[in-house]
Amino acid sequence: MRTALVTGITGQDGAYLAALLLEKGYRVVGMARRSASADMVSARLRWLGVLDRIELVDGDLLDLSSLIRIVNSVEPDEVYNLAAQSFVAASWQQPLLTGLATGIGAANLLEAVRIARPQARFYQASSSEMYGLIQEKVQSERTPFYPRSPYAVAKLYAHWMTVNYRESFGLHASSGILFNHESPLRGIEFVTRKVTDGVARIKLGLATQLPLGNLDATRDWGHARDYVEAMWLMLQQDVADDYVVATGRTTSIRELCRIAFSHAGLNYQDHVVTRSDLIRPAEVDVLLGDASKAKAKLGWQATTTLEVMIAEMVEADLARHRATARSAIA
Ligand code: NDP
Ligand code: GDP
(Lines give C-alpha, C1' and ligand atoms only; values in the text may rest on other atoms or scores of the structure.)
(Ligands and ions follow the chains in the order given, each with its own letter.)
Protein backbone atom coordinates (compact mmCIF):
# COMPACT_ATOMS: atom_id res chain seq x y z
CA MET A 1 0.00 0.00 0.00
CA ARG A 2 1.37 3.43 -0.95
CA THR A 3 1.49 6.18 1.67
CA ALA A 4 0.71 9.83 0.95
CA LEU A 5 1.48 12.70 3.32
CA VAL A 6 -0.77 15.70 2.70
CA THR A 7 -0.20 19.11 4.30
CA GLY A 8 -3.21 21.45 4.31
CA ILE A 9 -5.45 18.42 4.81
CA THR A 10 -8.10 20.55 6.55
CA GLY A 11 -8.45 22.88 3.54
CA GLN A 12 -10.59 22.54 0.42
CA ASP A 13 -8.05 20.68 -1.72
CA GLY A 14 -6.84 18.56 1.21
CA ALA A 15 -10.33 17.11 1.63
CA TYR A 16 -10.81 16.35 -2.09
CA LEU A 17 -7.29 14.96 -2.47
CA ALA A 18 -7.75 12.73 0.60
CA ALA A 19 -10.96 11.34 -0.92
CA LEU A 20 -9.23 10.68 -4.25
CA LEU A 21 -6.20 8.98 -2.66
CA LEU A 22 -8.38 6.77 -0.44
CA GLU A 23 -10.35 5.73 -3.50
CA LYS A 24 -7.03 4.73 -5.10
CA GLY A 25 -6.10 2.59 -2.09
CA TYR A 26 -3.52 4.85 -0.42
CA ARG A 27 -2.79 5.16 3.25
CA VAL A 28 -3.45 8.88 3.73
CA VAL A 29 -1.70 10.82 6.49
CA GLY A 30 -2.79 14.42 6.85
CA MET A 31 -0.76 17.06 8.64
CA ALA A 32 -2.86 19.55 10.59
CA ARG A 33 -2.04 22.37 12.96
CA ARG A 34 -3.12 21.80 16.52
CA SER A 35 -6.23 23.93 17.12
CA ALA A 36 -8.36 24.74 20.14
CA SER A 37 -11.32 24.22 17.79
CA ALA A 38 -10.26 20.84 16.38
CA ASP A 39 -13.89 19.79 15.84
CA MET A 40 -14.46 22.75 13.48
CA VAL A 41 -11.17 22.30 11.67
CA SER A 42 -12.05 18.83 10.38
CA ALA A 43 -15.47 19.92 9.02
CA ARG A 44 -14.48 19.55 5.35
CA LEU A 45 -13.10 16.04 5.86
CA ARG A 46 -16.33 15.11 7.64
CA TRP A 47 -18.45 16.65 4.86
CA LEU A 48 -16.76 14.36 2.31
CA GLY A 49 -17.03 11.37 4.69
CA VAL A 50 -13.27 10.73 4.84
CA LEU A 51 -12.32 11.86 8.36
CA ASP A 52 -12.46 8.37 9.88
CA ARG A 53 -10.38 6.85 7.09
CA ILE A 54 -7.30 9.04 7.30
CA GLU A 55 -4.58 9.50 9.94
CA LEU A 56 -3.97 12.99 11.27
CA VAL A 57 -0.61 14.13 12.62
CA ASP A 58 0.15 17.43 14.37
CA GLY A 59 2.58 19.69 12.55
CA ASP A 60 3.18 23.18 11.23
CA LEU A 61 5.01 24.28 8.08
CA LEU A 62 6.78 26.91 10.19
CA ASP A 63 8.36 24.26 12.42
CA LEU A 64 11.06 22.40 10.50
CA SER A 65 11.76 19.87 13.25
CA SER A 66 8.10 18.82 13.33
CA LEU A 67 8.26 18.27 9.57
CA ILE A 68 11.42 16.18 9.76
CA ARG A 69 9.93 14.04 12.52
CA ILE A 70 6.70 13.56 10.56
CA VAL A 71 8.43 12.64 7.29
CA ASN A 72 10.71 10.28 9.20
CA SER A 73 7.94 8.42 10.95
CA VAL A 74 5.30 8.42 8.17
CA GLU A 75 7.77 7.26 5.46
CA PRO A 76 5.62 8.68 2.63
CA ASP A 77 5.92 7.64 -1.01
CA GLU A 78 4.25 10.90 -2.05
CA VAL A 79 4.17 14.28 -0.30
CA TYR A 80 1.57 16.88 -1.31
CA ASN A 81 2.27 20.39 0.00
CA LEU A 82 -1.14 22.05 -0.02
CA ALA A 83 -0.70 24.09 3.16
CA ALA A 84 -0.44 27.87 2.84
CA GLN A 85 -1.88 31.18 3.93
CA SER A 86 -3.94 31.02 0.76
CA PHE A 87 -6.10 34.16 0.75
CA VAL A 88 -4.69 36.95 -1.43
CA ALA A 89 -6.55 39.79 0.33
CA ALA A 90 -5.22 38.71 3.76
CA SER A 91 -1.68 38.67 2.43
CA TRP A 92 -1.54 42.49 2.44
CA GLN A 93 -2.57 42.49 6.12
CA GLN A 94 -0.15 39.70 7.08
CA PRO A 95 2.64 39.82 4.49
CA LEU A 96 5.32 38.37 6.75
CA LEU A 97 3.22 35.47 7.99
CA THR A 98 2.25 34.80 4.37
CA GLY A 99 5.93 34.81 3.40
CA LEU A 100 6.70 32.36 6.19
CA ALA A 101 3.84 29.91 5.67
CA THR A 102 3.37 30.11 1.90
CA GLY A 103 7.02 30.65 0.92
CA ILE A 104 9.47 29.46 3.59
CA GLY A 105 7.00 26.75 4.66
CA ALA A 106 7.43 25.03 1.31
CA ALA A 107 11.22 25.28 1.64
CA ASN A 108 10.98 23.73 5.12
CA LEU A 109 9.03 20.79 3.73
CA LEU A 110 11.44 20.37 0.81
CA GLU A 111 14.27 20.31 3.36
CA ALA A 112 12.47 17.69 5.47
CA VAL A 113 11.98 15.52 2.38
CA ARG A 114 15.58 15.99 1.25
CA ILE A 115 16.89 15.08 4.70
CA ALA A 116 14.51 12.30 5.74
CA ARG A 117 12.94 10.82 2.59
CA PRO A 118 14.64 11.95 -0.64
CA GLN A 119 13.06 9.15 -2.65
CA ALA A 120 9.54 10.50 -1.97
CA ARG A 121 7.73 12.31 -4.78
CA PHE A 122 6.83 15.90 -3.95
CA TYR A 123 3.95 18.10 -5.13
CA GLN A 124 3.94 21.88 -4.66
CA ALA A 125 0.67 23.81 -4.89
CA SER A 126 1.74 26.68 -7.13
CA SER A 127 -0.76 29.27 -8.28
CA SER A 128 -1.91 31.21 -11.33
CA GLU A 129 -1.63 34.29 -9.09
CA MET A 130 2.10 34.13 -9.95
CA TYR A 131 1.15 35.47 -13.42
CA GLY A 132 -0.46 38.52 -11.75
CA LEU A 133 -0.03 41.39 -14.18
CA ILE A 134 -0.27 39.05 -17.12
CA GLN A 135 2.50 39.09 -19.70
CA GLU A 136 0.57 36.99 -22.23
CA LYS A 137 -3.17 36.86 -22.94
CA VAL A 138 -3.26 33.12 -22.30
CA GLN A 139 -0.89 31.83 -19.63
CA SER A 140 1.11 28.62 -20.04
CA GLU A 141 4.20 27.11 -18.37
CA ARG A 142 6.32 29.39 -20.59
CA THR A 143 4.62 32.67 -19.63
CA PRO A 144 6.81 35.00 -17.50
CA PHE A 145 5.56 35.62 -13.96
CA TYR A 146 4.64 39.04 -12.49
CA PRO A 147 3.25 38.57 -8.96
CA ARG A 148 0.88 41.28 -7.67
CA SER A 149 0.42 40.43 -3.97
CA PRO A 150 2.53 39.22 -1.03
CA TYR A 151 0.74 35.88 -1.50
CA ALA A 152 1.84 35.61 -5.12
CA VAL A 153 5.41 36.65 -4.27
CA ALA A 154 5.56 33.94 -1.60
CA LYS A 155 4.13 31.34 -4.00
CA LEU A 156 6.73 32.29 -6.59
CA TYR A 157 9.53 31.66 -4.07
CA ALA A 158 8.03 28.26 -3.22
CA HIS A 159 7.64 27.48 -6.91
CA TRP A 160 11.27 28.22 -7.74
CA MET A 161 12.49 26.36 -4.65
CA THR A 162 10.62 23.30 -5.93
CA VAL A 163 12.26 23.67 -9.35
CA ASN A 164 15.62 24.26 -7.67
CA TYR A 165 15.41 21.17 -5.42
CA ARG A 166 14.54 19.10 -8.48
CA GLU A 167 17.53 20.45 -10.38
CA SER A 168 19.99 20.62 -7.45
CA PHE A 169 19.24 17.41 -5.55
CA GLY A 170 17.35 15.29 -8.07
CA LEU A 171 14.16 15.28 -6.00
CA HIS A 172 11.07 14.12 -7.88
CA ALA A 173 9.45 17.50 -7.23
CA SER A 174 6.63 18.88 -9.40
CA SER A 175 4.66 22.11 -9.29
CA GLY A 176 1.06 22.36 -10.36
CA ILE A 177 0.33 25.92 -11.49
CA LEU A 178 -3.33 25.68 -10.68
CA PHE A 179 -5.82 28.33 -11.73
CA ASN A 180 -8.67 29.13 -9.32
CA HIS A 181 -10.67 26.10 -8.33
CA GLU A 182 -13.75 26.07 -6.21
CA SER A 183 -16.35 23.75 -4.68
CA PRO A 184 -18.89 23.69 -1.86
CA LEU A 185 -15.83 23.37 0.41
CA ARG A 186 -14.18 26.59 -0.80
CA GLY A 187 -13.31 29.04 2.00
CA ILE A 188 -16.19 31.46 2.59
CA GLU A 189 -13.98 34.52 2.00
CA PHE A 190 -13.22 33.64 -1.65
CA VAL A 191 -15.49 35.32 -4.16
CA THR A 192 -17.30 32.27 -5.61
CA ARG A 193 -18.28 30.93 -2.20
CA LYS A 194 -19.05 34.40 -0.87
CA VAL A 195 -21.46 34.80 -3.78
CA THR A 196 -23.11 31.36 -3.49
CA ASP A 197 -23.47 31.76 0.28
CA GLY A 198 -24.91 35.26 -0.30
CA VAL A 199 -27.40 33.90 -2.83
CA ALA A 200 -28.52 31.24 -0.34
CA ARG A 201 -28.96 33.77 2.49
CA ILE A 202 -30.88 36.19 0.27
CA LYS A 203 -33.08 33.41 -1.10
CA LEU A 204 -33.95 32.27 2.44
CA GLY A 205 -34.67 35.81 3.63
CA LEU A 206 -31.61 35.98 5.90
CA ALA A 207 -30.07 38.92 4.01
CA THR A 208 -30.98 41.41 1.28
CA GLN A 209 -27.61 42.63 0.02
CA LEU A 210 -24.25 41.18 -0.98
CA PRO A 211 -21.29 43.58 -0.78
CA LEU A 212 -18.46 42.89 -3.25
CA GLY A 213 -15.34 44.64 -4.56
CA ASN A 214 -14.19 44.70 -8.19
CA LEU A 215 -16.80 43.06 -10.43
CA ASP A 216 -14.75 43.43 -13.62
CA ALA A 217 -11.87 41.07 -12.82
CA THR A 218 -12.05 37.71 -14.59
CA ARG A 219 -10.89 34.30 -13.45
CA ASP A 220 -10.47 30.85 -14.99
CA TRP A 221 -12.54 28.82 -12.51
CA GLY A 222 -12.57 25.02 -12.34
CA HIS A 223 -13.75 22.42 -9.81
CA ALA A 224 -11.40 21.30 -7.01
CA ARG A 225 -12.49 17.67 -7.48
CA ASP A 226 -11.12 17.74 -11.06
CA TYR A 227 -7.94 19.60 -10.05
CA VAL A 228 -6.75 17.20 -7.33
CA GLU A 229 -6.74 14.49 -9.99
CA ALA A 230 -4.14 16.53 -11.90
CA MET A 231 -1.98 16.76 -8.75
CA TRP A 232 -2.00 12.98 -8.40
CA LEU A 233 -1.27 12.43 -12.10
CA MET A 234 1.82 14.68 -11.87
CA LEU A 235 3.33 12.40 -9.23
CA GLN A 236 2.67 9.29 -11.33
CA GLN A 237 5.00 10.49 -14.12
CA ASP A 238 8.53 9.06 -14.46
CA VAL A 239 9.95 12.56 -14.71
CA ALA A 240 8.96 15.45 -12.45
CA ASP A 241 7.80 18.63 -14.20
CA ASP A 242 5.55 21.69 -13.89
CA TYR A 243 2.06 21.91 -15.33
CA VAL A 244 -0.64 24.52 -15.79
CA VAL A 245 -4.05 23.25 -14.69
CA ALA A 246 -6.96 25.35 -15.97
CA THR A 247 -10.23 25.23 -17.92
CA GLY A 248 -9.34 27.66 -20.74
CA ARG A 249 -12.40 29.85 -20.08
CA THR A 250 -12.39 33.14 -18.18
CA THR A 251 -15.46 34.74 -16.61
CA SER A 252 -15.99 38.04 -14.81
CA ILE A 253 -17.17 38.35 -11.22
CA ARG A 254 -20.24 40.16 -12.60
CA GLU A 255 -21.10 37.18 -14.83
CA LEU A 256 -20.44 34.81 -11.93
CA CYS A 257 -23.03 36.79 -9.94
CA ARG A 258 -25.53 36.57 -12.77
CA ILE A 259 -25.10 32.78 -13.01
CA ALA A 260 -25.36 32.22 -9.24
CA PHE A 261 -28.32 34.52 -8.58
CA SER A 262 -30.27 33.29 -11.59
CA HIS A 263 -29.83 29.69 -10.41
CA ALA A 264 -31.97 30.70 -7.41
CA GLY A 265 -34.43 32.70 -9.53
CA LEU A 266 -32.93 36.05 -8.43
CA ASN A 267 -31.54 39.07 -10.28
CA TYR A 268 -28.05 39.95 -9.03
CA GLN A 269 -28.58 43.64 -9.84
CA ASP A 270 -31.23 43.81 -7.10
CA HIS A 271 -28.79 42.62 -4.41
CA VAL A 272 -25.10 43.12 -5.26
CA VAL A 273 -23.58 46.36 -3.99
CA THR A 274 -19.97 47.39 -4.48
CA ARG A 275 -17.88 48.55 -1.55
CA SER A 276 -14.60 50.39 -1.96
CA ASP A 277 -12.96 48.72 1.06
CA LEU A 278 -13.21 45.40 -0.80
CA ILE A 279 -11.10 46.68 -3.69
CA ARG A 280 -7.53 45.35 -3.48
CA PRO A 281 -4.35 47.50 -3.37
CA ALA A 282 -3.23 45.80 -6.60
CA GLU A 283 -5.54 43.72 -8.75
CA VAL A 284 -5.04 40.72 -10.99
CA ASP A 285 -7.44 41.73 -13.75
CA VAL A 286 -7.51 38.64 -15.95
CA LEU A 287 -6.41 35.03 -15.64
CA LEU A 288 -6.84 32.51 -18.44
CA GLY A 289 -4.87 29.27 -18.52
CA ASP A 290 -3.63 27.03 -21.32
CA ALA A 291 -3.59 23.47 -19.94
CA SER A 292 -2.56 21.80 -23.20
CA LYS A 293 0.65 20.38 -21.67
CA ALA A 294 -1.38 18.71 -18.88
CA LYS A 295 -3.73 17.34 -21.53
CA ALA A 296 -0.93 16.01 -23.73
CA LYS A 297 1.32 14.57 -21.00
CA LEU A 298 -1.07 13.69 -18.16
CA GLY A 299 -4.21 13.02 -20.19
CA TRP A 300 -5.97 15.51 -17.89
CA GLN A 301 -8.68 18.00 -18.70
CA ALA A 302 -11.32 19.87 -16.73
CA THR A 303 -14.71 18.20 -16.82
CA THR A 304 -17.01 20.44 -14.75
CA THR A 305 -18.48 23.61 -16.26
CA LEU A 306 -18.73 26.81 -14.24
CA GLU A 307 -22.54 26.66 -14.42
CA VAL A 308 -22.68 23.11 -13.02
CA MET A 309 -20.20 23.94 -10.27
CA ILE A 310 -21.97 27.15 -9.21
CA ALA A 311 -25.30 25.31 -9.13
CA GLU A 312 -23.74 22.66 -6.86
CA MET A 313 -22.33 25.39 -4.58
CA VAL A 314 -25.61 27.33 -4.34
CA GLU A 315 -27.52 24.13 -3.53
CA ALA A 316 -24.96 23.17 -0.86
CA ASP A 317 -25.19 26.63 0.75
CA LEU A 318 -29.00 26.53 0.68
CA ALA A 319 -28.88 23.11 2.39
CA ARG A 320 -26.42 24.40 5.02
CA HIS A 321 -28.55 27.43 5.93
CA ARG A 322 -31.74 25.34 6.01
CA ALA A 323 -30.05 22.81 8.34
CA THR A 324 -28.85 25.63 10.63
CA ALA A 325 -32.38 27.08 10.74
CA ARG A 326 -33.85 23.63 11.56
CA SER A 327 -31.36 23.01 14.38
CA ALA A 328 -32.12 26.48 15.83
CA ILE A 329 -35.85 25.60 15.96
CA ALA A 330 -35.33 22.08 17.38
P1 NDP B 1 -7.23 26.41 1.96
O2 NDP B 1 -7.04 27.80 2.42
O3 NDP B 1 -8.61 25.83 1.93
O4 NDP B 1 -6.32 25.45 2.88
C5 NDP B 1 -5.07 25.85 3.33
C6 NDP B 1 -4.55 24.80 4.29
O7 NDP B 1 -3.25 25.19 4.76
C8 NDP B 1 -5.41 24.60 5.55
O9 NDP B 1 -5.46 23.22 5.84
C10 NDP B 1 -4.61 25.33 6.64
O11 NDP B 1 -4.81 24.83 7.93
C12 NDP B 1 -3.20 24.99 6.17
N13 NDP B 1 -2.16 25.84 6.74
C14 NDP B 1 -2.07 27.19 6.71
N15 NDP B 1 -0.96 27.59 7.32
C16 NDP B 1 -0.32 26.47 7.78
C17 NDP B 1 0.86 26.24 8.49
N18 NDP B 1 1.65 27.24 8.91
N19 NDP B 1 1.21 24.96 8.78
C20 NDP B 1 0.43 23.94 8.39
N21 NDP B 1 -0.73 24.09 7.72
C22 NDP B 1 -1.10 25.36 7.42
O23 NDP B 1 -6.56 26.28 0.52
P24 NDP B 1 -7.02 25.40 -0.76
O25 NDP B 1 -7.32 24.02 -0.31
O26 NDP B 1 -7.99 26.17 -1.56
O27 NDP B 1 -5.67 25.40 -1.62
C28 NDP B 1 -4.66 24.42 -1.41
C29 NDP B 1 -3.32 24.98 -1.85
O30 NDP B 1 -3.37 25.32 -3.22
C31 NDP B 1 -2.90 26.26 -1.13
O32 NDP B 1 -1.49 26.22 -0.99
C33 NDP B 1 -3.30 27.36 -2.08
O34 NDP B 1 -2.53 28.53 -1.88
C35 NDP B 1 -3.02 26.68 -3.40
N36 NDP B 1 -3.81 27.15 -4.52
C37 NDP B 1 -5.17 27.18 -4.42
C38 NDP B 1 -5.93 27.58 -5.48
C39 NDP B 1 -7.42 27.59 -5.38
O40 NDP B 1 -8.04 28.17 -6.28
N41 NDP B 1 -8.03 26.95 -4.40
C42 NDP B 1 -5.30 28.01 -6.75
C43 NDP B 1 -3.86 27.83 -6.76
C44 NDP B 1 -3.16 27.43 -5.69
P45 NDP B 1 -5.94 25.42 8.93
O46 NDP B 1 -7.20 24.69 8.61
O47 NDP B 1 -5.38 25.08 10.27
O48 NDP B 1 -6.04 26.90 8.67
P1 GDP C 1 -7.96 35.01 -5.91
O2 GDP C 1 -7.96 35.00 -7.40
O3 GDP C 1 -7.12 33.92 -5.30
O4 GDP C 1 -7.65 36.33 -5.32
O5 GDP C 1 -9.45 34.57 -5.49
P6 GDP C 1 -10.67 35.39 -4.84
O7 GDP C 1 -11.88 34.53 -5.00
O8 GDP C 1 -10.34 35.87 -3.47
O9 GDP C 1 -10.80 36.70 -5.76
C10 GDP C 1 -11.08 36.59 -7.15
C11 GDP C 1 -11.38 37.96 -7.72
O12 GDP C 1 -12.63 38.41 -7.19
C13 GDP C 1 -10.36 39.05 -7.39
O14 GDP C 1 -10.11 39.78 -8.57
C15 GDP C 1 -11.09 39.94 -6.40
O16 GDP C 1 -10.70 41.32 -6.44
C17 GDP C 1 -12.53 39.79 -6.88
N18 GDP C 1 -13.52 40.15 -5.85
C19 GDP C 1 -14.48 41.10 -5.98
N20 GDP C 1 -15.17 41.21 -4.83
C21 GDP C 1 -14.63 40.32 -3.96
C22 GDP C 1 -14.94 39.98 -2.62
O23 GDP C 1 -15.83 40.52 -1.98
N24 GDP C 1 -14.17 38.99 -2.04
C25 GDP C 1 -13.17 38.36 -2.73
N26 GDP C 1 -12.48 37.39 -2.12
N27 GDP C 1 -12.86 38.69 -4.00
C28 GDP C 1 -13.58 39.65 -4.62
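No experiment lies behind these values; they were computed from the predicted model shown.

Draft legend 1. Expanded view of the packing of aromatic side chains. One pass over the structure, following the stated rule, counts seven aromatic pairs. Taken together, a centroid distance of 5.0 Å and an interplanar angle of 65 degrees make the contact between phenylalanine 87 and phenylalanine 190 edge-to-face. In this pair, phenylalanine 87 sits in the loop between β4 (78-81) and α5 (88-93) while phenylalanine 190 sits in the loop between β7 (181-182) and α8 (191-203), placing the two residues 103 residues apart along the sequence. The buried category is assigned to phenylalanine 190, whose relative accessible area is 13%. Grouping aromatic residues by their ring pairs yields a cluster made of Tyr131, Phe145, Trp160 and Phe179. Its guanidinium or amino end placed over the ring of tyrosine 243, lysine 293 lies 5.0 Å from that ring's centre, counting from NZ or CZ.

Draft legend 2. Representation of the site of ligand 1 within the structure. The local shell around ligand 1 holds 24 residues, among which Thr10, Asp13, Arg33, Ser86 and Tyr151 are the closest. Note that an oxygen atom of ligand 1 is positioned 3.2 Å from one of the backbone N or O atoms of alanine 84. If ligand 1 stood free it would expose 910 Å²; the protein chains cover 88% of that surface. Going through the elements one at a time, α1 (12-23), β5 (121-127) and α7 (150-169) are the ones with two or more residues in the shell around ligand 1. Here the shell around ligand 1 takes three residues from β5, the largest share from any one element. Per-class residue counts for the shell around ligand 1 are ten nonpolar, nine polar and five charged.

Draft legend 3. Geometry of the pattern of salt bridges. Applying the stated criterion to the full structure yields 17 salt bridges. Aspartate 242 serves as the salt-bridge partner of arginine 166, at 3.0 Å between the closest nitrogen and oxygen. Remark: aspartate 242 occurs in strand β11 (residues 242-245) and arginine 166 occurs in helix α7; sequence separation between them is 76 residues. Considered together, arginine 166 and aspartate 242 belong to a single accessibility category, that of buried residues. Notably, a salt bridge pairs glutamate 283 with arginine 219, separated by 3.8 Å at the nearest N-O pair. Linking glutamate 283 in the loop between β13 (272-274) and α11 (292-298) with arginine 219 in strand β9 (residues 218-219), this pair joins segments that are 64 residues apart in sequence.

Draft legend 4. Main features of the site of ligand 2. Residues in close proximity to ligand 2 total 16 residues, the closest being Glu129, Gly213, Arg219, Arg280 and Glu283. Separating a nitrogen atom of ligand 2 from a backbone N or O atom of glutamate 189 is a distance of 2.9 Å. Here an oxygen atom of ligand 2 sits 2.8 Å away from a polar atom, N or O, in the side chain of arginine 219. If ligand 2 stood free it would expose 530 Å²; the protein chains cover 96% of that surface. Considering only residue class, the shell around ligand 2 consists of seven nonpolar, three polar and six charged.

Draft legend 5. Seen up close, the environment of threonine 162. Inspection of the secondary structure assignment puts threonine 162 in helix α7. Each C-alpha atom, one on threonine 162 and one on arginine 201, is 42 Å from the other, the two residues being 39 residues apart in sequence. The residues contacting threonine 162, other than those within four sequence positions of it, are Leu110, Phe122, Gln124, Ala173, Ser174 and Ser175.

Draft legend 6. Layout of the domain arrangement of the protein chain. Under the domain assignment, the protein chain is made up of domain 1 (3-182 + 221-245) and domain 2 (191-219 + 250-286 + 305-329). Relative to domain 2, the C-alpha centre of domain 1 lies at a distance of 27 Å. The three residues of domain 1 that bury the most area against domain 2 are Trp92, Arg148 and Trp221, which together make up 46% of that side's buried surface. Along the contact surface separating domain 1 from domain 2 lie two salt bridges. Among the ionic pairs, arginine 225 bridges to glutamate 312, the shortest N-O distance being 3.8 Å. At the boundary of domain 1 and domain 2, one finds three residue pairs in polar contact (both at pLDDT 80 or more).

Draft legend 7. Just the sheet that holds strand β1 (residues 3-7), in detail. Strand order in the open sheet made by the seven strands is β3-β2-β1-β4-β5-β6-β11, with parallel pairing throughout. A strand with exactly one partner marks an edge of an open sheet, and here the two such strands are β3 (55-58) and β11. Each neighbouring strand pair of the sheet contributes to a mean axis angle of 20 degrees, computed without reference to strand direction. Examined bridge by bridge, β1 and β4 share four bridges and lie parallel to one another. By the bridge assignment for β4, leucine 5 is matched with valine 79.

Draft legend 8. Seen up close, the UniProt feature "domain: NAD(P)-binding" (unreviewed entry) in the protein chain. When the UniProt feature table is mapped onto this chain, "domain: NAD(P)-binding" (unreviewed entry) is found at residues 5-313. With 42% helix and 16% strand, residues 5-313 has its two end C-alpha atoms placed 28 Å apart.

Draft legend 9. Quick look at unusual backbone geometry. Its identity is not glycine, yet glutamate 75 carries a phi of approximately 50 degrees, on the positive side. Structurally, glutamate 75 can be placed in the loop between α4 (64-74) and β4. A relative accessible area of 48% means that glutamate 75 is categorised as partly exposed.

Draft legend 10. Spatial organisation of the packing of helix α6 (residues 95-116) against α7. Contact pair α6 / α7: the axes reach a minimum separation of 8 Å and the direction vectors enclose 15 degrees. Between α6 and α7, the crossing angle belongs to the class labelled roughly parallel. Taken as a pair, α6 and α7 cross one another with a handedness that is right-handed. Across the interface between the two elements, Pro95, Thr98, Gly99, Thr102, Gly103, Ile104, Ala106, Ala107, Leu110, Glu111 and Arg114 of α6 pack against Pro150, Tyr151, Ala154, Lys155, Tyr157, Ala158, Met161, Thr162, Tyr165 and Phe169 of α7. Across the contact of α6 with α7, the residue classes tally to 13 nonpolar, five polar and three charged.

About the criteria used
Residues numbered from 1 in each chain as written. Chains lettered and ligands numbered in written order. Predicted model: local features only at pLDDT ≥ 70, side-chain atom pairs only at ≥ 80, totals over all residues. Heavy atoms only, no water. Phe/Tyr/Trp six-rings, centres within 6.5 Å; stacked < 30°, edge-to-face > 60°. Helix = DSSP H or I, 4+ residues; strand = E, 2+ residues; numbered from the N terminus. Buried < 20%, exposed > 50% of the residue type's maximum accessible area, 1.4 Å probe, protein only. Lys NZ or Arg CZ within 6 Å of the ring centre and 35° of its normal. Near = heavy atom within 4 Å. Polar contact = N/O pair within 3.5 Å; in protein donor to acceptor, adjacent residues only side chain to side chain. Areas by Shrake-Rupley, 256 points an atom, 1.4 Å probe, with all protein chains shown as cover. Nonpolar A, V, L, I, M, F, W, Y, C, P; charged D, E, K, R; others polar. Salt bridge = Lys/Arg side-chain N within 4 Å of Asp/Glu carboxyl O. Contact = heavy atoms within 4.5 Å. Domains from an automatic or database assignment. Buried area = accessible area lost by both parts, 1.4 Å probe. Pairing = 2+ DSSP bridges. Axes fitted to C-alpha atoms, helices over the stretch in contact; angles between N-to-C directions. UniProt positions renumbered as here; feature names shortened; annotations may be inferred. Parallel < 35°, antiparallel > 145°, perpendicular 65-115°, else oblique. Left-handed = near helix turned anticlockwise from the far one by under 90°.

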